[in-house]
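Letter by letter, the chains look like this.
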Amino acid sequence: NPYAGLVSHLRAAWLSGKTRPMEYRVAQLEALGRFLDEKKEDILEATALDMGKPSFEAYFSEILLCKNELNDTLNNLCHWMKDEHVDKNLVMQLDSAFIRKDPYGVVLIIAPWNYPIHLFLVPLIGAIAAGNCVVVKPSEITKNTERLVAETLSCYLDNDCFAVVTAGVQETTRLLENKFDYIFFTGSPSVGRIIMTAAAKHLTPVTLELGGKNPCYVSDTCDVPNVARRVAWGRFFNAGQTCIAPDYVLCSVEMQDKLMPALREAITEFFGSNPKESPDFARIVGDKQFQRIRALLCSGRVAIGGQTDEKERYIAPTVLADVRPSDPAMQEEIFGPILPIVVVSNMDEAIDFINARPRPLAIYAFSCDSKVVNQVLERTSSGGFCGNDTLMHVTLTSLPFGGIGNSGLGKYHGKFTFDTFSHHRGCLHRTMGLEALNTPRYPPYTQQKLGLLTAAFEIKRKGMCTLL
Amino acid sequence: HAGLVSHLRAAWLSGKTRPMEYRVAQLEALGRFLDEKKEDILEATASDMGKPPFEVELSEISICRSELNHTLNNLGTWMKDEHVEKTWATQLDSAFIRKDPYGVVLIIGPWNYPINLLLVPLIGAIAAGNCVVMKPSEISRNVERLVAETLPRYLDQDCFAVVTAGAEQTTSLLENKFDYIFFTGSPSVGRIIMTAAAKHLTPVTLELGGKNPCYVSDTCDVPNVARRVAWGRFFNAGQTCIAPDYVLCSAEMQEKLLPALREAITEFYGPNPQESPDFARIVGDKQFQRVQALLRNGHAAIGGQTDAETRYIAPTVLVDVQQDDPVMQEEIFGPILPILTVASVDDAIAFINARERPLALYVFSSCKKVVNQVLERTSSGGFCANDTIMHMTLTTLPFGGIGQSGLGRYHGRSSFETFSHPRSALLRGAGREALNAPRYPPYDPRRLPLLRAATETKRRTACTLL
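Cut-off values and rules
- Residues numbered from 1 in each chain as written.
- Chains lettered and ligands numbered in written order.
- Predicted model: local features only at pLDDT ≥ 70, side-chain atom pairs only at ≥ 80, totals over all residues.
- Heavy atoms only, no water.
- Phe/Tyr/Trp six-rings, centres within 6.5 Å; stacked < 30°, edge-to-face > 60°.
- Helix = DSSP H or I, 4+ residues; strand = E, 2+ residues; numbered from the N terminus.
- Buried < 20%, exposed > 50% of the residue type's maximum accessible area, 1.4 Å probe, protein only.
- Domains from an automatic or database assignment.
- Contact = heavy atoms within 4.5 Å.
- Salt bridge = Lys/Arg side-chain N within 4 Å of Asp/Glu carboxyl O.
- Polar contact = N/O pair within 3.5 Å; in protein donor to acceptor, adjacent residues only side chain to side chain.
- Nonpolar A, V, L, I, M, F, W, Y, C, P; charged D, E, K, R; others polar.
- Pairing = 2+ DSSP bridges.
- Axes fitted to C-alpha atoms, helices over the stretch in contact; angles between N-to-C directions.
- 1 Å grid on protein atoms, 1.4 Å probe; cavity = no way out; pocket = protein on both sides within 12 Å on 5 of 7 lines; lining within 4 Å.
- Points joined across faces, edges and corners; volume = space filled by probe spheres on them.

### Some thoughts on the packing of aromatic side chains
Part 1 of the argument: For the coordinates displayed, the defined rule picks out 31 aromatic pairs over all chains.
Part 2 of the argument: Aromatic pair B:Trp111 and B:Phe333: ring centres 5.5 Å apart, planes at 90 degrees, arrangement edge-to-face. Placement of B:Trp111 in the loop between strand E3 (104–108) and helix H5 (116–127) and of B:Phe333 in the loop between strand E13 (316–319) and strand E14 (336–341) is noted, with a sequence separation of 222 residues between them. Here B:Trp111 and B:Phe333 have matching classes, each one buried.
Part 3 of the argument: Each residue in the set A:Tyr104, A:Tyr182, A:Phe184, A:Phe401, A:Tyr412 and A:Phe421 is aromatic and connected to the rest through ring pairs, giving one cluster.

Below, the structure is given as structure tokens:
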């Protein structure tokens with residue numbers, strides 16, 4: 001196996017214990033910070049070359065958000081690493097009972113192409129913070145970023161413990177034959193299945209950050225211009241290539257009629273009358289993806305946009321009206337700058353529509369009536385939820401980020417990343433003496449001993465508490 | 001099983017398992033099951049594997065009651081939305097973690113603690129608001145029948161079901177889509193479960209097993225060690241996933257330990273353990289033969305007697321065992337304790353680390369440094385110093401494996417969290433659009449500092465690891 005040598009090299013470093021001390025982890029994390037600072041221009045350039053990412057977007061999503069995660073981790077690492085002492089029963093009052101945060105060992109992070117720095121770096125931060133050795137496999141689709149990461153990241157990190165592997169589909173399959181102690185994957189559900197099946201062979205725990213069609217319900221009581229801006233921003237950021245972008249809108253036919261001009265206005269406000277000339281609108285990452293998305297345009301009718309340019313892999317910010325559930329745009333995650341609007345009669349129908357489909361990574365609900373927002377939240381299931389905005393929940397490091405069902409399993413960001421890559425080891429230190437405390441449990445068994453033990457150990461029901 | 005699963009899914013979608021009152025009612029009903037069916041449980045476990053009633057009361061009934069009461073005492077708190085820290089940009093918003101159920105979950109229980117290992121996950125699954133399919137082990141036949149016939153009467157049958165199934169039917173059951181699968185059993189079957197789960201991207205908890213090492217240092221109270229190790233090894237005739245599987249110690253310590261172990265075993269079970277009412281039996285003929293074959297390794301310094309008819313294997317201690325012997329190649333899961341000698345704690349640690357990571361790791365030493373050394377330089381599901389098994393009696397400690405011994409954790413709040421999806425929620429206002437304006441195109445680099453200030457996390461000065 002072409003990677004066996006690398007993996008065993010990292011495993012040897014892992015067994016040496018060098019990644020365990022806090023000082024070591026802090027040093028590696030600070031080096032990551034320097035990577036983001038010193039390579040900022042290279043990152044902006046590579047992502048611009050790979051998919052026409054506007055530097056403002058790249059700065060915000062690939063650098064700023066990563067620095068936040070880094071700082072949150074550096075600020076809190078010592079707390080997170082501490083043993084967590086837990087409540088004890090009567091018999092163990094003199095013992096020490098705590099949860100020790102152990103690293104897993106050698107972990108693998110596989111990143112996608114849409115936010116190619118962020119989506120390997122943020123997991124990497126948690127993996128390092130938790131004391132692991134890491135193999136990073138950036139996406140081969142964003143070639144410039146892949147090359148940048150492969151060539152420069154190793155200059156910042158300890159090469160005994162951290163490695164970047166460049167690999168296409170076949171080589172990744174071979175990479176996965178090795179035993180890893182944790183696998184963190186961001187990508188499509190179909191590849192997620194392959195990853196989990198490969199992980200099952202080694203009983204390797206996984207986090208899978210996948211995708212789906214994120215519904216965006218717009219009720220009849222809302223501030224239409226605000227909704228239009230917030231939805232358009234979420235949909236067209238990175239030319240729609242965002243796992244938590246609003247994928248389609250559900251609203252009444254009246255709201256569709258109001259939304260349309262507002263969306264047109266927002267798009268013009270954002271990108272000008274000819275978005276192709278705007279420096280603030282990205283491109284599709286590759287020809288294959290471009291063709292896939294373009295084929296979705298024959299759904300409903302094109303109310304805004306619809307223009308494409310194959311040479312530039314440009315697809316205009318597009319809104320499709322009167323889209324039917326059977327249309328192509330409703331059969332797969334769009335992952336492009338196309339926003340279909342599907343008409344529903346009311347909120348109940350919207351909720352049923354959402355619940356009849358695989359559970360998405362995000363659900364959005366727009367309403368001035370908080371009751372409506374809460375109804376949607378309560379009666380649906382999704383990775384995350386945002387009321388009256390799109391994408392913004394992901395900017396809080398204090399909120400866990402992850403999917404459910406087809407949109408994924410596991411969660412990360414902030415402390416949740418550290419916890420993802422840590423094994424919570426339950427520990428009990430008892431004393432060598434005080435044997436009298438133990439004698440009731442030993443045979444020969446008597447009723448009296450049993451009474452003593454249940455009195456000492458069994459947890460009793462307390463008075464009722466109310467759900468505030 | 002498709003019809004059953006879709007019936008439960010319809011009940012799930014109706015939302016009936018969501019209100020706290022509903023969940024409390026179901027949990028209280030579980031409590032009544034434990035109370036009213038106690039004698040039946042004692043009888044069934046005795047028939048299945050000669051379990052002494054004392055052991056059943058302690059490890060099957062009392063433990064479940066503790067988990068039940070702990071859950072009922074805290075459910076209101078656990079279910080609450082957890083509000084989180086916000087950035088400047090989101091100060092006026094509501095940001096919280098909502099604990100959502102997964103939906104229809106599957107719990108597959110093993111035969112060694114057939115009530116405990118089915119019910120304790122069930123408590124968490126119900127507490128978290130799920131519908132549940134339970135599959136008790138077909139190997140502990142009497143308990144399987146008891147659970148299948150009586151448990152459903154206590155629970156809402158729209159939302160909770162017991163399925164009896166052998167290996168083939170379980171394979172068929174696994175073809176259905178579940179929203180979570182909780183499995184306790186062997187690593188090899190764990191792989192099969194996870195592979196089946198992968199087809200539906202179903203998250204799993206796998207509570208598996210391995211060989212739990214027990215290092216006994218030269219500085220210890222030998223009689224105490226002998227009692228605590230013997231208790232952990234021979235409880236339930238060794239059929240415990242966290243039983244000490246083998247001892248590592250110096251040759252000198254072995255010399256001291258053997259008479260102490262002999263004394264402890266006699267103290268516990270008398271001169272002829274086969275006559276003791278306090279010693280269990282092996283669950284089945286197949287398992288009996290597997291465990292009996294391990295007696296061929298080393299030689300039995302204590303015990304070694306067997307009786308196929310009653311599936312009795314005496315509390316046994318083996319010495320002169322080699323690393324490559326069959327008894328060191330698989331989890332023993334029986335009343336046999338091999339002792340292997342090592343020169344030092346470093347050798348013991350190297351021995352442990354050369355092998356699969358176990359569910360539990362035990363160290364006996366009066367010297368704290370030794371205990372901490374072993375803890376720090378090894379990796380295992382859980383850890384207990386100067387005793388065996390006892391760490392699992394604390395509902396506040398997460399219980400689970402690592403590597404071959406499993407993935408995921410439960411007990412107490414960890415069970416509730418296992419079966420909950422922590423859904424992040426950000427509720428913003430419909431107005432205050434001015435706050436959002438800086439993020440919209442046309443992009444102006446001069447706005448970046450403002451955006452950064454609104455959303456950033458700054459580095460604070462270094463804190464020290466206390």
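Resuming the write-up.
### So, the domain arrangement of chain A
One frequently used descriptor of interface size is the decrease in accessible area upon assembly of the parts.
Residue and element names in this part refer to chain A.
Part 1 of the argument: You can read the domains of chain A as domain 1 (3–211 + 410–423) and domain 2 (215–406).
Part 2 of the argument: At the junction of the two partners, domain 1 supplies 28 residues and domain 2 supplies 26 residues.
Part 3 of the argument: The interface formed by domain 1 and domain 2 holds zero salt bridges in total.
Part 4 of the argument: Counting across the interface, domain 1 meets domain 2 through eight residue pairs in polar contact (both at pLDDT 80 or more).
Part 5 of the argument: Only helix H3 (40–51), helix H4 (55–81), helix H8 (189–201) and helix H14 (415–420) provide two or more residues apiece to the side of domain 1 that touches domain 2.
Part 6 of the argument: Among the residues forming the side of domain 1 that touches domain 2, the class breakdown is 11 nonpolar, eight polar and nine charged.

### A few points about the sheet that holds strand E18 (residues 420–427) of chain B
Part 1 of the argument: Spatially, E10(A)-E13(A)-E14(A)-E9(A)-E8(A)-E15(A)-E16(A)-E18(B)-E2(B)-E1(B) is the arrangement adopted by the 10 strands of the open sheet, whose pairing is mixed. Either end of the sheet is taken by a strand with one partner, and the two such strands are strand E10 (301–304) of chain A together with strand E1 (82–83) of chain B.
Part 2 of the argument: Here helix H9 (residues 224–236) of chain A sits on the sheet and contacts strand E8 (215–218), strand E9 (248–251), strand E13 (318–321), strand E14 (338–343) and strand E15 (362–366) of chain A; the angle it forms with E14(A), its principal contact strand, is near 130 degrees.

### Considerations on the layout of surface pockets
Residues and elements named next belong to chain B.
Part 1 of the argument: Of the volumes computed, that of the second largest pocket is approximately 1,300 Å³.
Part 2 of the argument: When contributions to the lining of the second largest pocket are tallied by element, the ones reaching two or more residues are helix H7 (167–173), strand E6 (180–184), helix H8 (187–199) and helix H11 (285–293).
Part 3 of the argument: If you tally residues by element for the lining of the second largest pocket, the top one is H8, at five residues.
Part 4 of the argument: Here the residues of the lining of the second largest pocket are counted per class, giving 20 nonpolar, 16 polar and 12 charged.

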